[in-house]
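Here are the chains, one letter per residue:
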Amino acid sequence: MVNVLFVCLGNICRSPTAEGVFKALVQREGLSDHITVDSAGVGDWHIGSPPDSRAQAAARQRGIDLSKQRARQAVAHDFERFDYVIAMDSQNYGDLTRMCPKGGDDRLFKFLAFAPQLGINDVPDPYYGGDSGFDGVFDMIEAASAGLLDDIRANHL
Ligand code: 4NP
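In short, a report on the structure. It should be emphasised that the depicted structure is a prediction, and the values quoted were computed from it without experimental measurement.

### Observations concerning the site of the ligand
Okay, step 1: The ligand sits among Cys8, Leu9, Gly10, Asn11, Ile12, Cys13, Arg14, His46, Asp125, Tyr127 and Tyr128.
Okay, step 2: Take Ile12: an N or O atom from its main chain is 3.0 Å from an oxygen atom of the ligand.
Okay, step 3: Protein coverage of the free-state accessible area of the ligand, which is 350 Å², stands at 92%.
Okay, step 4: In terms of residue class, the shell around the ligand is built from six nonpolar, three polar and two charged.

So, in structure tokens, the structure goes:
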């Protein structure tokens, strides 16, 4: 089993979208028995909340249902449970580096490293922007999801 965790700041916009998009891709490829997908936030503000309604709407337009997800906070133990701990941006990456147990940082990645063709390092935080930010974020997440699956196939399956 390959276990994948997406992490952003609040776990209500970017990482739930990544969880939904990547889970759908895994299902489509018939790999649900081989890959698990989860998401979490660095912060604790939104624990127990469903994804932001704007993130849900952007995903729904592309056929992905985020409504059943509930936010949780990332913990150090996640570095033992998950093979890939994937940060949405450099700030999340830095926070996770500090949380990570010794030797665990070989499991820590930046999501857009799996989509080098975009030439962008960070999935921007859409929380304080308008609805169009969510569509752009969705496109980046789709591109990086494809690259992540290639990486898992090459290294684990
Ligand atoms: P996310 O977006 O990290 O993509 O879930 C945010 C959601 C909430 C906050 C920040 C970012 N907040 O400060 O409450």
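### As for the packing of aromatic side chains
Okay, step 1: Evaluated as defined, the whole model comprises six aromatic pairs.
Okay, step 2: Aromatic side chains Tyr127 and Tyr128 sit 4.8 Å apart centroid to centroid with 80 degrees between the ring planes, which places their arrangement in the edge-to-face category.
Okay, step 3: According to the relative accessible area criterion, Tyr127 is partly exposed, its value standing at 28%.
Okay, step 4: A relative accessible area of 76% means that Tyr128 is categorised as exposed.
Okay, step 5: Linked through ring pairs, Phe6, Phe22 and Phe111 together constitute an aromatic cluster.
Okay, step 6: When the ring centre of Tyr93 is taken as reference, the NZ or CZ atom of Lys110 above it lies at 5.8 Å.

Conventions and cut-offs
- Residues numbered from 1 in each chain as written.
- Predicted model: local features only at pLDDT ≥ 70, side-chain atom pairs only at ≥ 80, totals over all residues.
- Heavy atoms only, no water.
- Near = heavy atom within 4 Å.
- Polar contact = N/O pair within 3.5 Å; in protein donor to acceptor, adjacent residues only side chain to side chain.
- Areas by Shrake-Rupley, 256 points an atom, 1.4 Å probe, with all protein chains shown as cover.
- Nonpolar A, V, L, I, M, F, W, Y, C, P; charged D, E, K, R; others polar.
- Phe/Tyr/Trp six-rings, centres within 6.5 Å; stacked < 30°, edge-to-face > 60°.
- Buried < 20%, exposed > 50% of the residue type's maximum accessible area, 1.4 Å probe, protein only.
- Lys NZ or Arg CZ within 6 Å of the ring centre and 35° of its normal.

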